[in-house]
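Residue-level listing of the chains:
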Amino acid sequence: MRQWFVVHTKPRREAVAEENLARQGFDTYCPRICLERIRRYKRVRTIEAMFPRYLFVHLEVGHDNISAIAYTKGVSQLVRFGNEPATVPDDVIRLLRESASDPSGLYFELLPEPKKGDRVDIIDGPFAGLSGVFYKRSAEERVVILLNVLGEQSRVTLRREQVVAAG
């Protein structure tokens, strides 16, 4: 009977381990998530493993060569509890696959959209470093921010990626 097992990978090597296991004929699953982060005052999207340093492999004990997994490039070891390899129920893997945000299996976790009246920081452009108040979304991925300029509140239109919730 085939079961899903948990593989512990080397740091940031989930994709390498998954590719090399697949080359050996193993059925693998490594759920990924698209994250929006702020790096060097810029909003960037990255795709990372949902469970850093872990992926799942579908095996049949006694039929598949489980010992080959430990020697696969990118793999640290097969997760075990005592002498028994850790398994994951098929329903859990099915739920993970079905609940993905995208048909490719990718999940999305984007930074929250500011609401009217929220304090925001401007992270890029000529107003970088200033704070303001979110006023509204505008067309074409633009937003309107209220800034205090020379003691007066002015509306400024910026690209959405130039603004993050104050924190």
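Relevant structure appears above.
Residues numbered from 1 in each chain as written. Predicted model: local features only at pLDDT ≥ 70, side-chain atom pairs only at ≥ 80, totals over all residues. Heavy atoms only, no water.

### Description of the pattern of salt bridges
Part 1: Following the criterion strictly, the structure yields six salt bridges and no others.
Part 2: Among the ionic pairs, Arg94 bridges to Asp91, the shortest N-O distance being 2.1 Å. Of this pair, Arg94 and Asp91 both sit in helix H3 (residues 90-98), three residues apart, roughly one helical turn.
Part 3: Judged by its relative accessible area of 43%, Arg94 is partly exposed.
Part 4: Measuring nitrogen to oxygen at the nearest pair gives 2.7 Å for the salt bridge that ties Glu161 to Arg159.
Part 5: Among the charged side chains, a salt-bridge network with shared partners connects Asp124, Arg159 and Glu161. (Salt bridge = Lys/Arg side-chain N within 4 Å of Asp/Glu carboxyl O. Helix = DSSP H or I, 4+ residues; strand = E, 2+ residues; numbered from the N terminus. Buried < 20%, exposed > 50% of the residue type's maximum accessible area, 1.4 Å probe, protein only.)

### Quick word on the side chain of Glu14
Part 1: Relative to the elements of secondary structure, Glu14 occurs in helix H1 (residues 14-23).
Part 2: Here Glu14 occupies a buried position and makes no salt bridge, while the nearest side chain of opposite charge, Arg53, is found at 6.3 Å.
Part 3: Engagement of the side chain of Glu14 in a polar contact is seen with the backbone nitrogen of Arg53, the distance being 2.6 Å.
Part 4: What Glu14 contacts, discounting residues up to four positions off in sequence, is Thr9, Cys30, Arg32, Ala49, Pro52, Arg53, Tyr54 and Leu55. (Lys, Arg positive; Asp, Glu negative; His and termini not counted. Polar contact = N/O pair within 3.5 Å; in protein donor to acceptor, adjacent residues only side chain to side chain. Contact = heavy atoms within 4.5 Å.)

### Regarding the sheet that holds strand S14 (residues 152-159)
Part 1: With respect to topology, five strands assemble into an open sheet ordered S14-S13-S12-S11-S15, the strand pairing being antiparallel. With partners counted over all chains shown, the strands left at the sheet margins are S14 and strand S15 (163-165), one partner each. Taken over all neighbouring pairs, the strand axes of this sheet differ in orientation by 45 degrees on average, direction set aside.
Part 2: Sheet topology places strand S11 (residues 119-122) next to S15; three bridges connect them, and they run antiparallel. Counterpart to Val120 in the pairing with S15 is Ala165. (Pairing = 2+ DSSP bridges. Axes fitted to C-alpha atoms, helices over the stretch in contact; angles between N-to-C directions.)

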